[in-house]
Amino acid sequence: MNFEWSEAEKAYRSEVVAFLEEHVTEEVRGSWLVDTPARIEFVSKMAAKGWLGQGFPEKYGGTPSTTPFAQYILNVELDRFNAPIVGKNVGTIARTILHVGSESLKLDFLPKIFNNEGQWALTYSEPSAGTDLGNISTFAENKGDHLEVNGMKHYITSAHFCDWYWMVVKTSHELPKHKNLSLIIVDANSPGISIAPMYCVGTTTAERTNQVFFDRVKVPNSRIVGELNQGFYYMMQAIDYERFAIIAAAQHNRRFHKILEYFKEVDFAGERPLTDDPVSRSQMARLASRVEVGNMLERLCMCIAAERVPSVEASMNKAWGAMMHDETCSLAENILGPYGCLAKGSPYAALQGYIMEEYLMAGHGRIAAGGVDTAKTIIARRLLGLPNSFAPPVLSAR
Amino acid sequence: MDIKLSEDQNLLQDTAARFMQRECGFEFLRDIENNSNTGFCPHMWRSFAEMGWLGINLPEEYGGMGMTMVDNVILLRELGRKICPSPLLHTVVTAGESISRCGTEVQKRELLPSIVAGTSVYAFAFQELSRFFHPSHIRCEAKVEGDAYVISGRKMFVEFADRADTLLVVARTGGPAINRKDSSGLTMFLVDRHSVGVTCELMPTMSRDRQYEVVFDNVRVPESCILGNVDRAWADLEPAIQKTAIALCAYTNGAGFEMHARATQYAKDRVQFDRPIGQMMTIQMYLAQSIMELYGADTLTLFTASNMDQGLNVRGYVGKMKAFCAETVCRNMDTGSQIFGGMGYMEDHDTTLYLRRGKQLELMLGGTEYWLEVIAEEIIDRQPVNLS
């Protein structure tokens, strides 16, 4: 057992930090979910360092990884610098293509992903299919040499700037639920696609997501990822990667410490909440221990990920991280009292309304990439071996 | 970085698990609770010594095994699974560590080998008539009288005091505390339990262990009983308490894991509404939340131990670990008992042994209020933390 970074890992990390100090500009900071030119330029610089394809085979544009934790170290540092992390493109899409995609998909798309050529949108949810993804109705009909896609998706965050949709569709009316889904790659400029914006709740920094409509959209058969009708199983595995890749504990640390430092400094009519108010002080201390537990679950997840897909551990990491986002913002709001409700624009708003905005987004964090309760269901089923709640009563079914 | 156990650590874990499985069943536990005068089994204590467990972290030059704190966590987790009663924690960890840390060469040579051999048991006389654990609340006084010290005062929650050979007494030598953060003016004494003026009275507890109220009525001890520096005990005692906290958390994590496993098995076996109750989402949410907390508590304990092994400052981590593990073990016992339904609250149901220990384990060695203040001092009063 060893919780220390090796010399190689430390050296890599210093290299990353030096790079970020040079290249993370004010325009890059916070460009998490927006496709600004500054962000694209920044990610391309990382691509040029060979950092996006670490650990992937060289024939697909990958670069040798100095350590199994390279991607993690990179993301932690990116997150500390408040720069966009390496997320779904590598974590979900490239990994799935590598594991199940055809040779031509690998040769086509992996080098593009590693060179940051083009953007992707995960295209899963539908109005009737949220947590229950097996319930989608967007259908891809077999037309011989191509599929014809009809239907509607929503909560497609990158739709308004993506080049490709990484999309799950129904491909059989006969096969049973979950065995009738396929993963496909759809060009965003295909005729028949239209999008409409949806805005997350918020006041000043409201994030945009989208509805996407598919009307007789042609997709060549070569864009089917892996086997037809196996999509659900590929996705389940990919979602494990995503929980790990997207919800890094670093962002919860950063939020917690930003709020902690604010409360240490701020003066409320002569009172500093964390030095002069014993209740806030001890609540903040308790939260610190819980945030630390998130770091531990992530370390655990990381160690597992060096060897296999960290399915249960990824669910724990995701669930705990989302809970910490929520707990951090809720506690901060409670400490602020009525001032917690003030939005940007008020001279009395804490951190220019940051805490309030983050509080509103925390609920979203509990839902994204499979909700907290979905994660707990996965833990109950896969780790504890408890029976499926959705199945008929076990004894009657026998 | 990896979390795999070494071959030796696997062996330690397996040996401990097998021993506990064989020797520490519910009948044994109830027998100790109801019929034992000592609160632990002297025969089992000898076995601990034979397996080298009583010297686990003590230096090899004094007969110990010189193993790491991570090894200690692995061992204590197995003891905790079976809620094994023994004076290991304060004998081997609190006293053993204090003696190794600040004892004179003579003290080390004389005292450590007898700890390793299992021939002397120590009790930790620290907490007093105060809800608070912070050393500023210590009022028990040791006054110089010629070439001796005379100790007067009252210590509470002195586990296994009646059976102990030696009491590790923390007493005030440097005048009263100036405020509630003052940890100065204290000295450690190694007091023979059978000294004139020492009386012990059993304090009946929720977990039916052996906690004593110990009164020191003008107890005369020679100067040679002083352990470490006069008036400056806290500098050596605090790290020993940190180590004890790590071992205690390993124990409580083990207890939590066992209760969780029992509740999970019951959820699979117990049928209501034609299905195992574990098929119901409410039960699944309880068990999933608890196991997540246990994984977090366990990893945080191992991480803290590992950092301590590297010689890093672990004060903040120990605070976070103790605060979180304490809450976790208690909640696990409560949640687990809920899953057993009414049976979970019947005196002769075995899991009530875990239920009765949950809250008590949470409150021992400093309640959460103490450890939260340790965290607060580290994260609020010190420089900003740059977490990586």
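Residues numbered from 1 in each chain as written. Chains lettered and ligands numbered in written order. Predicted model: local features only at pLDDT ≥ 70, side-chain atom pairs only at ≥ 80, totals over all residues. Heavy atoms only, no water.

## Details of the interface of chain B and chain A
Where the parts come together, the accessible area they lose is often given as the size of the interface.
Argument step 1. Between chain B and chain A, the contact holds 58 residues from the first and 59 residues from the second.
Argument step 2. Carbon and sulfur atoms supply 67% of the area buried between chain B and chain A, which totals about 5200 Å² over both sides.
Argument step 3. Here chain B is connected to chain A by 5 salt bridges.
Argument step 4. Between D381 of chain B and R281 of chain A there is a salt bridge, and its shortest N-O distance comes to 2.9 Å.
Argument step 5. Our count for the chain B to chain A interface comes out at 15 residue pairs in polar contact (both at pLDDT 80 or more). (Contact = heavy atoms within 4.5 Å. Buried area = accessible area lost by both parts, 1.4 Å probe. Salt bridge = Lys/Arg side-chain N within 4 Å of Asp/Glu carboxyl O. Polar contact = N/O pair within 3.5 Å; in protein donor to acceptor, adjacent residues only side chain to side chain.)

## Some words on the domain arrangement of chain B
All names here are of chain B.
Argument step 1. In terms of domain boundaries, chain B breaks down into domain 1 (7-120), domain 2 (123-231) and domain 3 (235-381).
Argument step 2. Relative to domain 3, the C-alpha centre of domain 2 lies at a distance of 29 Å.
Argument step 3. Listed per partner, the contact involves 17 residues of domain 2 and 16 residues of domain 3.
Argument step 4. With both sides pooled, the region where domain 2 packs onto domain 3 buries about 1400 Å², and carbon together with sulfur makes up 62% of that total.
Argument step 5. Contact with domain 3 buries area across many residues of domain 2, yet F133, M206 and S207 alone supply 41% of it, more than any other trio.
Argument step 6. Summed over the shared surface of domain 2 and domain 3, the number is 3 salt bridges.
Argument step 7. Taking the shortest distance from any N to any O, the salt bridge between E347 and R208 comes out at 2.9 Å.
Argument step 8. A breakdown of the residues in the side of domain 2 that touches domain 3 according to their chemical character gives 8 nonpolar, 5 polar and 4 charged. (Domains from an automatic or database assignment. Nonpolar A, V, L, I, M, F, W, Y, C, P; charged D, E, K, R; others polar.)

## Digging into the state of the cysteines
All names here are of chain B.
Argument step 1. Evaluated as defined, the whole model comprises 0 disulfides over all chains.
Argument step 2. Here C225 is not disulfide-linked; the sulfur of C102 is the nearest cysteine sulfur, at 14 Å.
Argument step 3. Under the relative-accessibility criterion, C225 is labelled buried at 16%.
Argument step 4. In this structure C249 is not part of a disulfide, and its nearest cysteine sulfur, from C325, lies 4.0 Å away. (Disulfide = S-S within 2.5 Å. Buried < 20%, exposed > 50% of the residue type's maximum accessible area, 1.4 Å probe, protein only.)

## What about the side chain of E33 of chain B?
All names here are of chain B.
Argument step 1. Tracing the chain through its elements places E33 in helix α2 (residues 26-35).
Argument step 2. The class of E33 is buried, set by a relative accessible area of 9%.
Argument step 3. Setting aside anything within four residues of it in sequence, one finds E33 in contact with S207, R208, R210, L353, R356 and R357. (Helix = DSSP H or I, 4+ residues; strand = E, 2+ residues; numbered from the N terminus.)

## Description of the pattern of salt bridges
Argument step 1. Evaluated as defined, the whole model comprises 48 salt bridges over all chains.
Argument step 2. E78 of chain B is the salt-bridge partner of R81 of chain B, the closest N and O atoms lying 3.1 Å from each other. With R81 of chain B and E78 of chain B both in helix α4 (residues 69-81) and 3 residues apart, the pair spans about one turn of that helix.
Argument step 3. The exposure class assigned to R81 of chain B is partly exposed, which follows from its relative accessible area of 24%.
Argument step 4. We classify E78 of chain B as buried; its relative accessible area is 5%.
Argument step 5. Two residues, R109 of chain B and E105 of chain B, come together in a salt bridge whose shortest N-O distance is 3.7 Å. Highlighted residues: R109 of chain B and E105 of chain B, both in helix α6 (residues 105-116), separated by 4 residues, approximately one helical turn.
Argument step 6. You can call E105 of chain B partly exposed: its relative accessible area is 40%.
Argument step 7. The network of salt bridges with shared partners includes R281 of chain A together with K181, E238, R315, E373, E377, E378, D381 and R382 of chain B.

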